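The residues making up each chain are set out below.
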Amino acid sequence: MLAAERAGADWIHVDVMDGHFVPNLTFGPKMVADLHRATRLPLDVHLMIERPDAWVDRYVDAGASYLTVHVEASRDVPRALQAIRAKGVRPGITLNPETPVEAILPYLAAVDLVLVMSVHPGFGGQPFIESALDKVARLRAALDERTLTAELEVDGGIKPENAARIAAAGATVLVAGSAVYEDPAGPKAALAKFRAALRR
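Computed from a prediction, not measured in an experiment: that's the story for all the values here.

## Re the overall build of the protein chain
Then, number 1: For the protein chain, the count of helices and strands is 8 helices and 7 strands.
Then, number 2: The C-alpha radius of gyration of the protein chain comes to 16 Å, within 12% of the 16 Å expected for a compact globule of 200 residues.
Then, number 3: Overall, the C-alpha framework of the protein chain stretches about 45 × 40 × 30 Å when taken along its three principal axes.
Then, number 4: In the protein chain, which comprises 200 residues, the proportion classed as buried is 50%.
Then, number 5: Within the protein chain, contacts between residues at least 6 apart in sequence are counted, and of these 60% link residues at least 24 apart.
Then, number 6: Averaging the coordinates of the 22 positive side-chain charges in the protein chain and doing the same for the 25 negative ones gives two points 5 Å apart.

## Comments concerning the packing of aromatic side chains
Then, number 1: Inspection of every chain in the model, using the stated rule, returns 2 aromatic pairs.
Then, number 2: Taking the centre distance of 4.5 Å and the plane angle of 25° together, the rings of Trp 11 and Tyr 66 count as stacked. Of this pair, Trp 11 sits in the loop between helix H1 (3-7) and strand S1 (12-17) while Tyr 66 is found in strand S3 (residues 66-70), placing the two residues 55 residues apart along the sequence.
Then, number 3: When the centroid spacing of 6.3 Å and the interplanar angle of 50° are considered together, the rings of Trp 55 and Tyr 59 count as tilted.
Then, number 4: Owing to a relative accessible area of 3%, Tyr 59 belongs among the buried residues under this scheme.

## Quick word on the pairing of S3
Then, number 1: Burial within S3 is extensive, with 5 of its 5 residues counted as buried.
Then, number 2: Burial along S3 is two-sided: the residues Tyr 66, Thr 68 and His 70 and Leu 67 and Val 69 are all buried.
Then, number 3: Here strand S2 (residues 43-48) pairs with S3 via 4 bridges, running parallel. Within the sheet, the bridge partner assigned to Leu 47 lies in S3 and is Val 69.

## Here we look at the nonpolar core
Nonpolar side chains in soluble globular proteins generally cluster together in the buried interior.
Then, number 1: Grouped together as the largest cluster of nonpolar side chains are 55 residues, with contacts concentrated most on Val 45, Leu 67, Ile 93 and Val 114.
Then, number 2: Among the nonpolar cores identified, the runner-up in size contains 5 residues, and Tyr 66, Leu 113, Met 117 and Val 119 belong to it.

## Quick look at the packing of helix H5 (residues 132-145) against helix H6 (residues 160-169)
Angle between the axes and distance between the axes are the two parameters that describe a pair of packed helices.
Then, number 1: At a minimum axis distance of 8 Å, the contact between H5 and H6 shows a crossing angle of 30°. Between H5 and H6, the interaxial angle falls into the category roughly parallel. In this structure, H5 contributes Leu 133, Val 136, Ala 137 and Arg 140 to the contact, and H6 contributes Arg 165, Ile 166 and Ala 169.
Then, number 2: Looking at the contact of H5 with H6 residue by residue, the class counts come to 5 nonpolar, no polar and 2 charged.

## Details of the sheet that holds strand S6 (residues 151-155)
Then, number 1: Spatial strand order, S1-S2-S3-S4-S5-S6-S7: 7 strands in an open sheet with parallel pairing. Looking at the sheet topology across the chains shown, the edges are occupied by S1 and strand S7 (173-175). Ignoring which end each strand starts from, the neighbouring axes of this sheet average 25° apart.
Then, number 2: Here S1 runs beside S2; their pairing, made up of 6 bridges, is parallel.

## A short note on the pattern of salt bridges
Once their charged atoms are close, side chains differing in charge can pair, the charge on each being opposite to the other.
Then, number 1: Taken as a whole, this structure holds 11 salt bridges when the rule is applied.
Then, number 2: Note that Arg 40 is salt-bridged to Glu 5, the shortest N-O span being 3.4 Å. Here Arg 40 is found in the loop between helix H2 (29-38) and S2, whereas its partner Glu 5 is found in helix H1, with 35 residues between them in sequence.
Then, number 3: Here Arg 40 falls in the exposed class, since its relative accessible area comes to 69%.
Then, number 4: Since its relative accessible area comes to 11%, Glu 5 is described here as buried.

## Some thoughts on H2
Then, number 1: Those residues of H2 lying buried are Pro 29, Val 32, Ala 33 and Leu 35. Down the axis of H2, the buried side of the element spans an arc of 160°, and every buried residue falls inside it. Along H2, exposed side chains directed more than 90 degrees from the buried face belong to Lys 30 and Arg 37.
Then, number 2: Here the buried face of H2 lies against S1, S2 and helix H3 (56-62).

What counts and what doesn't
Residues numbered from 1 in each chain as written. Predicted model: local features only at pLDDT ≥ 70, side-chain atom pairs only at ≥ 80, totals over all residues. Heavy atoms only, no water. Helix = DSSP H or I, 4+ residues; strand = E, 2+ residues; numbered from the N terminus. Rg over C-alpha atoms; globule rule 2.2 N^0.38 Å. Buried < 20%, exposed > 50% of the residue type's maximum accessible area, 1.4 Å probe, protein only. Contact = heavy atoms within 4.5 Å. Lys, Arg positive; Asp, Glu negative; His and termini not counted. Charge placed at Lys NZ, Arg CZ, Asp CG, Glu CD. Phe/Tyr/Trp six-rings, centres within 6.5 Å; stacked < 30°, edge-to-face > 60°. Pairing = 2+ DSSP bridges. Core = buried A, V, L, I, M, F, W, Y, C linked by side-chain atoms within 4.5 Å. Axes fitted to C-alpha atoms, helices over the stretch in contact; angles between N-to-C directions. Parallel < 35°, antiparallel > 145°, perpendicular 65-115°, else oblique. Nonpolar A, V, L, I, M, F, W, Y, C, P; charged D, E, K, R; others polar. Salt bridge = Lys/Arg side-chain N within 4 Å of Asp/Glu carboxyl O. Arc of directions from axis to C-beta.

See below:
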């Protein structure tokens, strides 16, 4: 069992980076498959890679529960999302901080998860970009206007100190990395701080 699962996490967020779309390199399908065997929690797999369309089958087969592609990276977004859903996995769409919300509005009805990046993807520990709050609010309004039930996720620079503001803007899923794993008291205490902040 993973430390995050023992600490009470709801999902495991997996950042897949190829060293091209983002300036960092992480793991591939084998690591996702290993994580799938190590936890009962849903795996929220975020593809920060060029041509994610070509990798859908491998990450689905590895055990992804959600599979998210970047609007900036996919050559055919509708086809990628359709391929993910056809394999029985929940599709997600995301956009970088400099990409306008309008770039993903056409795909909201085709996804189960909308991810707002609140840092520039590629490295952990970056500060939260405050303009992401406006994106979250606009996407919450767009989802509600269309009576869509996709999760609205935010990733990057999230800490107990800003979690309530992000949730108030309309987010339903918060991704936290360094704030959980670098807490001196450990992941369980860190998640307790998040839950307390969100209850206020």
